[in-house]
Amino acid sequence: MKHEDVIQIKDEIILALLPNVEFDGWTWENVVQSAQEAGHKDTVARIVFPDKLLDVLDSFSDLADREMLKALQDIDPQEFSVRERVSTALMKRFEFLSNYQEATKQSAAFWLVPSRKPRATKLVWRSADHIWNWAGDTSTDYNRYTKRGLLSGIIVSSTLYWFNSNSDLIALRAFIDRRIENVMKFGKLISRIKTKK
């Protein structure tokens, strides 16, 4: 089975699953039922999601990343400042997720389990990496990791804010802009300190 085919099957199952998550949660039984609704055999879900819910929630995050990038295809990042590029990209991701806020809340709760946090951290980092790559960042030194680490923090704090803002995307954009501004000021401060050394 080609990689593209696997991705398509995962997407079909997840999109069939999402409307049910609000009421029935992220359960394996729900995944199998959604696979059937999407026109696949019972065994297909186990084949494309060998780690079961870990893979399902990972794929949900990946789907959000790809939808974000799809929404950014017709936007030229060169027309914006760096902070506007990051903010715009992140908002495109939230615009997709706003259709599935309850499912996103439950996915966040799923990843809060201590044993799952290492993988959750990788997912957030992956999203930050996609955003910085689209924004035009080509750094390969420690700056690359610093930028993605700081953006990962913004993604987490913005998500928590979004959960508690009654789905207000305008307020969320303002929050993201403030967080980015704070991080950039912090980055400049650190640079000045290193220069003095």
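Thresholds applied
Residues numbered from 1 in each chain as written. Predicted model: local features only at pLDDT ≥ 70, side-chain atom pairs only at ≥ 80, totals over all residues. Heavy atoms only, no water. Helix = DSSP H or I, 4+ residues; strand = E, 2+ residues; numbered from the N terminus. Buried < 20%, exposed > 50% of the residue type's maximum accessible area, 1.4 Å probe, protein only. Axes fitted to C-alpha atoms, helices over the stretch in contact; angles between N-to-C directions. Parallel < 35°, antiparallel > 145°, perpendicular 65-115°, else oblique. Left-handed = near helix turned anticlockwise from the far one by under 90°. Contact = heavy atoms within 4.5 Å. Nonpolar A, V, L, I, M, F, W, Y, C, P; charged D, E, K, R; others polar. Phe/Tyr/Trp six-rings, centres within 6.5 Å; stacked < 30°, edge-to-face > 60°. Lys NZ or Arg CZ within 6 Å of the ring centre and 35° of its normal. pLDDT = per-residue confidence, 0-100. Salt bridge = Lys/Arg side-chain N within 4 Å of Asp/Glu carboxyl O.

**Things to note about the environment of T140**
In step 1: For T140, the position within the fold is in the loop between helix 7 (117–135) and helix 8 (142–163).
In step 2: Classification of T140 as exposed rests on a relative accessible area of 70%.
In step 3: Taking the C-alpha atoms as reference points, T140 and S87, separated by 53 residues in sequence, lie 22 Å from one another.

**A short note on the packing of helix 1 (residues 3–24) against helix 2 (residues 28–37)**
In step 1: With their axes 8 Å apart at the nearest point, helix 1 and helix 2 run at an angle of 135 degrees to one another. Put simply, helix 1 runs oblique to helix 2. Relative to helix 2, helix 1 is oriented so that their crossing is right-handed. In this structure, helix 1 contributes I13, A16, L17, N20, V21 and D24 to the contact, and helix 2 contributes N30, V31, S34, A35 and E37.
In step 2: Across the contact of helix 1 with helix 2, the residue classes break down as six nonpolar, three polar and two charged.

**Quick look at the packing of aromatic side chains**
In step 1: Under the counting rule described, the total for this entry stands at seven aromatic pairs.
In step 2: Clustering of aromatic rings is evident, with ring pairs tying together F94, W162 and F163.
In step 3: Positioned above the aromatic ring of W132 is the side chain of K147, whose terminal nitrogen or guanidinium carbon lies 5.3 Å from the ring centre.

**Section: the side chain of D55**
In step 1: With respect to the element layout, D55 can be found in helix 4 (residues 53–71).
In step 2: Ignoring any residue separated from it by four or fewer positions in sequence, one finds D55 in contact with F49, P50 and R119.

**What about the confidence of the model for the chain?**
If pLDDT is low for a region, its predicted coordinates should not be looked at in detail.
In step 1: Overall, the prediction assigns the chain a mean pLDDT of 91, with 93% of residues at 70 or greater.
In step 2: Confidence over residues 189–197 falls short of pLDDT 50; this stretch has one contact with residues more than four positions distant or in other chains.

**Some details on the environment of I47**
In step 1: Tracing the sequence through the fold places I47 in helix 3 (residues 42–48).
In step 2: For the pair I47 and V6, spaced 41 residues apart in the sequence, the C-alpha separation amounts to 9.2 Å.

**What to know about the pattern of salt bridges**
In step 1: Inspection of every chain in the model, using the stated rule, returns 16 salt bridges.
In step 2: Here R66 and D11 are joined by a salt bridge, their closest N and O atoms 2.7 Å apart. With R66 in helix 4 and D11 in helix 1, this residue pair connects regions lying 55 residues apart in the sequence.
In step 3: A salt bridge links R119 to D51; the nearest nitrogen and oxygen atoms lie 3.7 Å apart. Taken together, the positions of R119 in helix 7 and D51 in the loop between helix 3 and helix 4 put the pair 68 residues apart, joining distant regions of the chain.
In step 4: Accessibility expressed as a relative area gives 43% for D51, which makes it partly exposed.
In step 5: Taken together, the shared-partner salt bridges connect D51, D55, D58, D65, R93, R119 and R126 into one network.

**Looking at unusual backbone geometry**
In step 1: A positive phi is found at K52, a non-glycine position, where the angle reads about 50 degrees.
In step 2: Looking at the element boundaries, K52 is found in the loop between helix 3 and helix 4.
In step 3: According to the relative accessible area criterion, K52 is partly exposed, its value standing at 33%.

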